[in-house]
Amino acid sequence: MHNRAGGGGGGGGDIVELSSAAQGHERERVIPHSGPLSKKSGARKSARFAESVSAPLSAPPPRGTPSAANNDDDDYVEITLDVRDDSVAVHSVKPAAGGDDSDVTLLARTLENRSSSFGHSVIRNASSRIKQVSQELRRLASVNRRGAGPRIDRSKSGAAHALKGLKFISRADGGSGWPAVEKRFDDLSQNGLLHRSKFGQCIGIRESEFAGELFDALARRRNIPGDSISKAELLEFWDQLSDTSFDSRLQTFFDMVDKDADGRITEEEVKEIITLSASANKLSKVQDQAEEYARLIMEELDPANLGYIELYNLEMLLLQAPSQSVRIGTTNSRNLSQMLSQNLRPTAEPNPLRRWYRRAQYFLEDNWRRVWVMLLWFSICAGLFAWKFVQYRRRAVFDVMGYCVCVAKGGAETLKFNMALILLPVCRNTITWIRNRTVVARVVPFDDNLNFHKVIAVGIAVGAGLHIISHLTCDFPRLLHATDAQYAPLAQYFGTPRPNNYWWFVKGTEGWTGLVMLVLMAIAFTLATPWFRRGRLRLPGPLKRLTGFNAFWYSHHFFVVVYALLIVHGHFLYLTHKWYKRSTWMYLAVPMVLYACERLTRALRSSVRPVKILKVAVYPGNVLSLHFSKPQGFRYKSGQYIFVNCAAVSPFQWHPFSITSAPQDNYVSVHIRTLGDWTRELKNVFSKVCRPPTEGKSGLLRAEYDRDGAMTNPSFPKVLIDGPYGAPAQDYKQYDVVLLVGLGIGATPMISIIKDIINNMKQLDGDLESGDDNSSSVASSFRTRRAYFYWVTREQGSFEWFRGVMDEVAETDKKGVIELHNYCTSVYEEGDARSALIAMLQSLNHAKHGVDVVSGTRVKTHFARPNWRNVYKRITLNHRDQRVGVFYCGAPVLTKELRELAQDFSRKTTTKFEFHKENF
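Residue numbers here run from 1 along each chain, matching the order of that chain's written sequence. Only residues with pLDDT of 70 or above have their local features reported here, since the model is predicted, and side-chain atom pairs are shown and tallied only from 80 upward, although totals for entire chains, interfaces and linings are computed over all residues. With hydrogens and water stripped out, all remaining heavy atoms of the structure feed into the side-chain values.

Visitor: Give a description of the side chain of H879 that names residues and reports values.
Guide: Segments assigned H or I by DSSP are reported as helices when at least four residues long, segments assigned E as strands when at least two residues long, and all are numbered from the N terminus. The topology assignment puts H879 in the loop between helix 32 (868–878) and strand 19 (883–889). The exposure class assigned to H879 is buried, which follows from its relative accessible area of 9%. Among the polar contacts made by the side chain of H879, one reaches the side chain of Y788 at a distance of 2.7 Å. Of the polar contacts made by the side chain of H879, one reaches the side chain of Q882; its length is 3.2 Å. Think of it in three bands: with a 1.4 Å probe and only protein chains considered, a residue is buried below 20% of the maximum accessible area for its type, exposed above 50%, and partly exposed in between. Counted as a polar contact is a pair of N or O atoms within 3.5 Å, where, for protein atoms, one must be capable of donating a hydrogen and the other of accepting one, and residues adjacent in sequence contribute only when both atoms are in side chains.

Right, here's the structure in full:
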C-alpha cells in the first residue's frame, strides 16, 4: 500500500490522511492505495477501516516549515506499508526534497497522540492500526536521526525469516488451528467470556505466566480493558499469533516487552522478559542472572546510554543472530544433500516376493551374529527335547502315561540345559577376557549378553511349564486311574502299594522340591519384569516394597536355593534310578563352578585392592560424582564400566556404572544418577557427612583430599569397586569416525571416550614434536580421526556434570577432531517466541565472554531435540566411503530411531554406519 504525506502546512494546520481497507479476518491482505496527505485545512478523507470509522488527524506545522503558498503539491513523503491483520510494516520512507526527518517524527507523534482518542471498542482495530503506523514511523525516524544504526535488509523479513523467527504457536501447541481453539473456548468460557488465566490453555501454550503476558500485550494493543475476552476478540488474538509475517511477530514480541506501550524498552522491562523467558524454558540459572544479562543487552543495543532501546534494535539483534541449526554449508553440499534426500525416500517394491527377499536380506545383514547364535540355541533345545521325547516313547511307562510323559521329560531336558546356560551371560569377567583377547567377539554378540540372558529365562519358563503341567494334569492322573495290570510294570518306580492320591506325589522329595522351585522362580521372574524392577506399578502400603531394584536384587538370589533344590530334585527321580542317567549335575557342574569363581574373584579383588575416595560432588539433577584412587594394576578402556558397593547402604548389592575418567587419568570416576532406591540412599548417606560448596567450584563440592593426602572429612563411608567389565563403547577405536550419542546420564561412557581421544591427541602431538618412536605405536592403536558427540538432556543443571571436559575440548582441540553438540530439551526450538530472547542473549554473551548462558561452558547449546536424520545426512556427506561407529547410551526411546537410520543410510549411501547400544 503506497501512501504519500505532505510536507508543510499553513496556519490552519495540516490535515493528515491515511487510507486502507480491511477484509474480514483474512490472514494476509495487501491493499494497494495511493493518496496525498493534504496540506490544506479540513479533512479531505478520513482513515477507512472495516468498521467504516472516520476521523481527521491534524497536526500543527513544524517550526520552520515552508507555508502552503511556497510549496506545491509535488512535495511528498512516500511511505510503503505492508498491512497484515493487526500489523503494519513500514518498508521505506522517502522524505520530500529539501525536507528533514523532523517531518516524519512529527507525523509519528501526531498519529500516536491522535490514536489515543479512539477509546470505544467499535474502533479498536482502527486505533491499533494507527498506533502501529506511528510506532513504525518513529522507529524509522529514530534510525535516520541517529545515523549510526545499521540498516536492516527489510526484504528478508517476509521470506527468509518469517517462518523461522518468533513463532508463538507451534505445530504441537496449535493443534488443528482455529477450530480446535474455538472448541476449547466453548469448554473454558463462562458467559461467553474467556478469562486471562485460561488463555494459555485455550490457545495451547502450557506456560501460564508466559501466556498471561502475551494476553496482556494483545489486549493493550487493542485497548481491551479487564481480564476477559469474547470469542471475536480471541479470534483477533489468534489471527495475530498465527500470522506467519515476521514483522507481525516482531511487533507482538515487542509489545510483550514494552509494557507501558511508549515504543521504548527500558532495562527493567528487558529484565522482566528475560525472567519470563527463562522461566518458560526452565532455565533457573538464567533467571537468577536476569539483571546481569539485561545490562548486557542494554550495553550492546544502547551504546549512547539513552536508557532505552527501540523496535529496530530488537529487530537487528534478531535478524543478525546466528542460527542455532547445524548447516551443511556450501552450495555443493546442499546439492548433495538434496540428492541424498531423494535417494533415501522409500520406494515401494511392487513384487511381494522381491520385497520379502529384500527385507530378509537386510535383516540378515544387520543381525547375522544374533541369528546364528539364536539358531544354535534353538537347535540344541529342539534336539534335546526330541531326543528325550523319543527315548520315553519307547519305554514301558508310555503305555500308561502316553505322550504326556514324553513332553514332560523333553521339557525337563531343555530346562536343565537352560538352567546351566543362563549363568554364562552373567559371567562378566569371562566375557570381558574373551572379547579383549580373542577374535570370538567378531562372530559372537557379547554386547547382547543380558538380552540373551532374558531369552534363556523365557526358555526356562517354557521348559518348566511343559514339565510341570504335563506331570500334574496328565501323568499323575493317568497313573492314579491305571488298572493293576497297567500299573504292574511301573511298580519298580513308584513302589507298592500304588499311590492312591495327589498327596503321595506332593510329599515326596521330587514333589516338594519341584513345587518350591516353581514358587521361587515365579517370584524372581515376576519381580524382574520392568514394571516391578523400575517401580512403574503403584502398589498400596507394604506392597510397595515389592517394586524397585532392591526387590529384584534379593529375589534374584533365590536362585541359589533353586539350584540346590534342582540338584536334589534331579537326584531323586521317579523313573530313573541309575546314577549315570541322572544328568542334572552334569549340566550344572561347569557353569556353577565358573560362576562361583566369578563371584569369588569379585569378592577377593574388591577387598584386596581397596580404594579411597579422592573427591565427591553432588550436582544439579541429583547426580553424585565419586572419584576413587586407582588400584594397583587396575587397567581399563574408555567405555567400560565397574560395579560399586557401599556397605553403609547394603553390604550385598553391587551396581554397575560407566567409568567417566580416561585410562590415562590417575583416578577412577563415576557419575551416579539417583533413579532408584539404592542410588537414592547412597546419595543420602554421602550427603550426611558432606560440607557446603567451595566458592568457585561447580556443583556442591563435598569432600576431597588435599595436596598432602589428608582427608578433609575422615568419616566418609567405605566404598568398594569391582571391574572393569567390557561394554560396546570400548570398541570405538576400531573406527576412524565415531558418532557418540548420550541421553541424560547416558553421556557417562561417551565422556570417557572424549577424554581418551584428547589424551591420545596430546600424546601423539607431543611424540611427533619430540621425535619419539612411540608415536607410531600410538598412531596404530588410535585410529579415531573424527568424533561427533551429541548430548541431549532435559535440565540446564545437567551441563554442570561435565563442564570441565567441555571446556577442555574447546580449548585444546585446535584441529577440530571432536565436534560437540549440547541439546537442552527444556528450551523451546529455534524460532519459538518463548526462546527467542534466550537465543539473542546466548549470541551476545558467547560473542563477548565466550561462555554459553545455558550450559555455562564454551560450547554453545542447541535448543529442543536434534533432527537425527539431518545428523546422519551431514556425517554421510562429510565421510563418504567410510565406516562410522554409532554408540548410544541412554533410555530405549531413541534406540529404534538411531538404529533404523544407521541401517537406512548404510544401505542407500556409500557410508556404512554400525550401531552399538549400551546394555545394563
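Visitor: Can you tell me about the sheet that holds strand 18 (residues 861–863), naming the residues and giving the values?
Guide: Whether two strands pair depends on DSSP finding at least two bridges between them. Within the open sheet, the six strands sit side by side as 18-17-16-15-19-20. Their pairing is parallel. Edge positions in the sheet fall to strand 18 and strand 20 (912–917), since each has one partner strand and no second. Strand-to-strand twist of the sheet, defined as the mean angle between neighbouring strand axes without regard to direction, takes the value 20°. Bridge count for strand 15 (residues 737–743) against strand 16 (residues 786–793) is seven bridges, and the pairing is parallel. Within the sheet, the bridge partner assigned to V738 lies in strand 16 and is A787. By the convention used here, residues are in contact when the closest approach between their heavy atoms is within 4.5 Å. Angular values range over 0 to 180 degrees, each being the angle between N-to-C directions of two axes fitted as lines to C-alpha atoms, with helices fitted over their stretch in contact. Running over the sheet, helix 32 touches strand 15, strand 16, strand 17 (818–824), strand 19 and strand 20 and is turned about 170° from strand 16.

Visitor: Residue-level account of helix 31 (residues 833–849), with values.
Guide: To estimate how far a helix should reach, multiply one less than its number of residues by 1.5 Å. Between its terminal C-alpha atoms helix 31 stretches 25 Å, which fits the 24 Å expected from 17 residues at 1.5 Å a residue. The buried fraction of helix 31 amounts to twelve of the 17 residues, a majority that puts the element mostly inside the structure. Buried residues of helix 31: A833, R834, S835, A836, L837, I838, M840, L841, Q842, S843, L844 and N845, and no others. Residue G850 follows helix 31 closely and has a positive phi angle near 75°.

Visitor: Help me get a handle on helix 7 (residues 231–241), residues and values and all.
Guide: Burial analysis of helix 7 places eight of its eleven residues in the buried class, the great majority of the element. Buried residues of helix 7: E233, L234, L235, F237, W238, D239, Q240 and L241, and no others.

Visitor: Which residues make up the pattern of salt bridges, and what values go with them?
Guide: Side chains that differ in charge, positive against negative, can pair when their charged atoms come close. We count a salt bridge whenever a side-chain nitrogen from Lys or Arg sits within 4 Å of a carboxyl oxygen from Asp or Glu. By the definition in use, this model includes 27 salt bridges. Between E291 and K271 there is a salt bridge; the shortest N-O distance is 4.0 Å. Of this pair, E291 sits in helix 11 (residues 290–301) while K271 is found in helix 9 (residues 267–280), placing the two residues 20 residues apart along the sequence. The closest approach of N and O atoms between E811 and R858, which form a salt bridge, is 3.1 Å. Note that E811 is positioned in helix 30 (residues 803–812) and R858 in the loop between helix 31 and strand 18, a separation of 47 residues in sequence. Residues participating in the shared-partner salt-bridge network are E182, D186 and K231.

Visitor: Break down the nonpolar core for me, citing the residues and quoting the values.
Guide: Membership of the largest hydrophobic core comes to 93 residues, with the highest contact counts inside it found for F199, L234, I274 and F789. Not counting the four nearest positions on each side in its chain, F199 is found in contact with L194, A211, L214, F215, L218, I229, L234, F237 and L241. Formed by 27 residues, the second largest nonpolar core is a distinct cluster that contains L421, I422, F559 and Y563. Take the buried residues of types Ala, Val, Leu, Ile, Met, Phe, Trp, Tyr and Cys, join any two whose side-chain atoms come within 4.5 Å, and each joined set is a nonpolar core.

Visitor: If you had to explain the state of the cysteines to someone new, which residues and values would you point to?
Guide: Any cysteine sulfur atom paired with another within 2.5 Å is treated as part of a disulfide. For the structure on display, the rule yields one disulfide. What pairs with C404 in a disulfide is C474, and their sulfur atoms sit 1.7 Å apart. Taking the torsion about the sulfur-sulfur bond, which here is approximately 65°, the covalent link between C404 and C474 counts as right-handed. Highlighted residues: C404 in helix 16 (residues 403–421) and C474 in helix 18 (residues 449–480), separated in sequence by 70 residues. Taken individually, C404 and C474 each receive the classification buried, so the pair is uniform in this respect. Here C597 is not cross-linked by a disulfide; its sulfur's nearest cysteine counterpart is in C427, at 9.3 Å.

Visitor: A description of the packing of aromatic side chains should follow, citing residues and the corresponding values.
Guide: Stacked, tilted and edge-to-face are the three classes assigned to paired rings of Phe, Tyr and Trp, where Trp is represented by its six-membered ring and a pair needs centres within 6.5 Å; plane angles under 30 degrees give stacked, over 60 edge-to-face, the rest tilted. Scanning the model with the defined rule gives 25 aromatic pairs in all. For the pair F389 and Y403, a centre-to-centre distance of 5.9 Å together with 20° between the ring planes defines the contact as stacked. Here F389 is found in helix 14 (residues 352–393), whereas its partner Y403 is found in helix 16, with 14 residues between them in sequence. In this structure Y403 comes out as partly exposed when scored by relative accessible area, which is 48%.

Visitor: Tell me about the confidence of the model for the chain, residues and numbers included.
Guide: For every residue, the predictor reports its confidence as pLDDT, a number between 0 and 100. Here the chain averages 75 in pLDDT, while 72% of its residues score no lower than 70. Note on residues 322–333: pLDDT under 50 across the span, and 22 contacts to partners over four residues away in sequence or across chains.

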